[in-house]
Amino acid sequence: MIEGLTIPIHQRLLLIRVTVCISLVISVLLSFNLWAGDRIFPYASVINIDFIRSPFDYLVIGFFLIFIVGSLFLKKHRLLIFVALIIATFLVLVDMNRLQPWFYIYCTFLFVVMFYNGRVDDANKFTSFFIVLQLVFCSIYIFNGISQLNSFFTQTDFSDVISPLQKMMSERQFIFIKKIGLFIPYILIFIGLGLLIRPTRYLAITFAIILHALLIIFLFPSKTNQNYALWFSNVAFIPILLLLFSGKTKQRYYSPTLLLQFPLFYLIIILFWIMPCFNQKNLWPDNLSGNFKSGNMNAVEIKFTKTVLDKLPNYVKYFCVENQNMFVLDYNEWCRHELKTNCYRETITFNNIYSFIKNKSQATVNELQMVVKPRQNILFKP
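Q: Would you explain the sheet that holds strand β2 (residues 320-323) in this entry?
A: Picture the strands of a sheet paired through backbone hydrogen bonds; they go either parallel or antiparallel. Strand order in the open sheet made by the 4 strands is β2-β3-β1-β4, with antiparallel pairing throughout. At either end of the open sheet lies a strand with only one pairing partner, and these are β2 and β4 (368-373). Recorded for the sheet is a direction-independent mean angle of 30 degrees between the axes of neighbouring strands.

Q: Just checking my understanding: could you explain the side chain of Gln-100 for this structure?
A: Relative to the helices and strands, Gln-100 resides in the loop between α4 (77-94) and α5 (101-114). For Gln-100, a relative accessible area of 3% corresponds to the buried category. Apart from the residues within four sequence positions on either side, Gln-100 is in contact with Leu-34, Asn-287, Thr-341 and Asn-342.

Q: Sorry if this is basic, but what is going on with the packing of aromatic side chains here?
A: Two aromatic rings are characterised by how far apart their centres lie and by the angle between their planes. In total, this model carries 27 aromatic pairs according to the counting rule given. On the basis of an interplanar angle of 75 degrees and a centroid distance of 6.5 Å, the ring pair of Tyr-116 and Phe-126 is categorised as edge-to-face. Of this pair, Tyr-116 sits in the loop between α5 and α6 (123-147) while Phe-126 is found in helix α6, placing the two residues 10 residues apart along the sequence. Its relative accessible area of 3% is what places Phe-126 among the buried residues. Put simply, the rings of Phe-41, Tyr-315, Tyr-318, Phe-319, Trp-334 and Phe-356 touch in pairs and so form one group of aromatic residues. The aromatic ring of Tyr-43 is capped on one face by Arg-39, whose charged end is 4.1 Å from the ring centroid.

Q: Where do I start with the packing of helix α1 (residues 9-30) against α5 in this structure?
A: The packing of two helices is summarised by the inter-axis angle and the distance between the axes. Between α1 and α5, whose axes approach to 10 Å, the crossing angle comes to 150 degrees. Overall, the two elements α1 and α5 adopt an arrangement that is roughly antiparallel. For the pair α1 and α5, the crossing hand works out as left-handed. Along the contact surface, α1 presents Ile-16, Arg-17, Val-20, Cys-21, Ser-23, Leu-24, Ser-27 and Val-28, while α5 presents Trp-102, Phe-103, Tyr-106, Phe-109, Leu-110 and Val-113. Across the contact of α1 with α5, the residue classes break down as 11 nonpolar, 2 polar and 1 charged.

Q: Mind showing me how you'd approach the packing of α1 against helix α12 (residues 228-245) here?
A: Put simply, α1 and α12 touch, their axes get as near as 10 Å, and they point 175 degrees apart. Relative to α12, α1 is oriented roughly antiparallel. Only Tyr-228, Ala-229, Phe-232, Ala-236, Pro-239, Ile-240, Leu-242, Leu-243 and Leu-244 of α12 make contact with α1, whose side of the interface consists of Arg-12, Leu-15, Ile-16, Thr-19, Val-20, Ser-23, Ile-26, Ser-27 and Leu-30.

Rules behind the numbers
- Residues numbered from 1 in each chain as written.
- Predicted model: local features only at pLDDT ≥ 70, side-chain atom pairs only at ≥ 80, totals over all residues.
- Heavy atoms only, no water.
- Pairing = 2+ DSSP bridges.
- Helix = DSSP H or I, 4+ residues; strand = E, 2+ residues; numbered from the N terminus.
- Axes fitted to C-alpha atoms, helices over the stretch in contact; angles between N-to-C directions.
- Buried < 20%, exposed > 50% of the residue type's maximum accessible area, 1.4 Å probe, protein only.
- Contact = heavy atoms within 4.5 Å.
- Phe/Tyr/Trp six-rings, centres within 6.5 Å; stacked < 30°, edge-to-face > 60°.
- Lys NZ or Arg CZ within 6 Å of the ring centre and 35° of its normal.
- Parallel < 35°, antiparallel > 145°, perpendicular 65-115°, else oblique.
- Left-handed = near helix turned anticlockwise from the far one by under 90°.
- Nonpolar A, V, L, I, M, F, W, Y, C, P; charged D, E, K, R; others polar.

Structure, rendered in structure tokens:
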């Protein structure tokens, strides 16, 4: 019989905090262009605070990393995490492109463990924190799977992930592999639900490890896979998965009804189990719904004339493609190439990109257009 990890829950909480802090630091460094330095890709700002923009953003992100690292060694780790989360909030408000799913999830984990005072004599309390983290983690798989229940997932994102196989297989074999993508959303949903059900937990853990191992291989950093932090999240998720679900993860005398007396439980249920349900109707952002890789995204087409193109910086011209006597900007590729991350595909980002091109070129309405495409959430048809 497989027993799994034999680590007490209070020690697991400590190891989870350490793992998340280290993963957060590494992920920020892997996407450093997103956080500091001169850049051309427009900020998607909710608030305009110049002292958090270049070159002052080096200082801000430096303090953020110092507080996160300091929380690993200093006794006042809860205070350091709290200050770091305040800084993280300001960084996101200055540029919503920083609201990446991995950043949101890591910060949520730190937010939860920040309330744990480290006492080992109150099993009910630290078990409640532990279960809340389990609920957060399971929701990621479930809602990521739900978001991929659309016909565009296998045509776009899944095809991009497995594209290295295209050179190794015949066209017929590659088409067969693409059809396997139809089952990926259901596997993700099973993992999320299976982790919550004790009899199926070990099977769900096995599927999850295999899934992340494959993603580590297929998303390995390259010219085509430039979202390095997304790739690394698959590395980080494996130890977090084992710490949360492997082995004995329940106190002998703990009653789940104690969660109903735990205020943090209700907050997590709202943010990770209720609000993502509104994602399909575009009432809740994709990046807050576990959408690491799905076709369920907003999209616009920004197109302009040759006159506008000539006035843009040469770097931006690289991401423009001619289409029917007009030029279309591939802002997704631009963001991945410059900031090493996926574009935050919401209205605030599109409007700022449009304004950037308009200001650079002084384009008229006839020379520059932004066309909103239908939201890509068409479910699979039998």
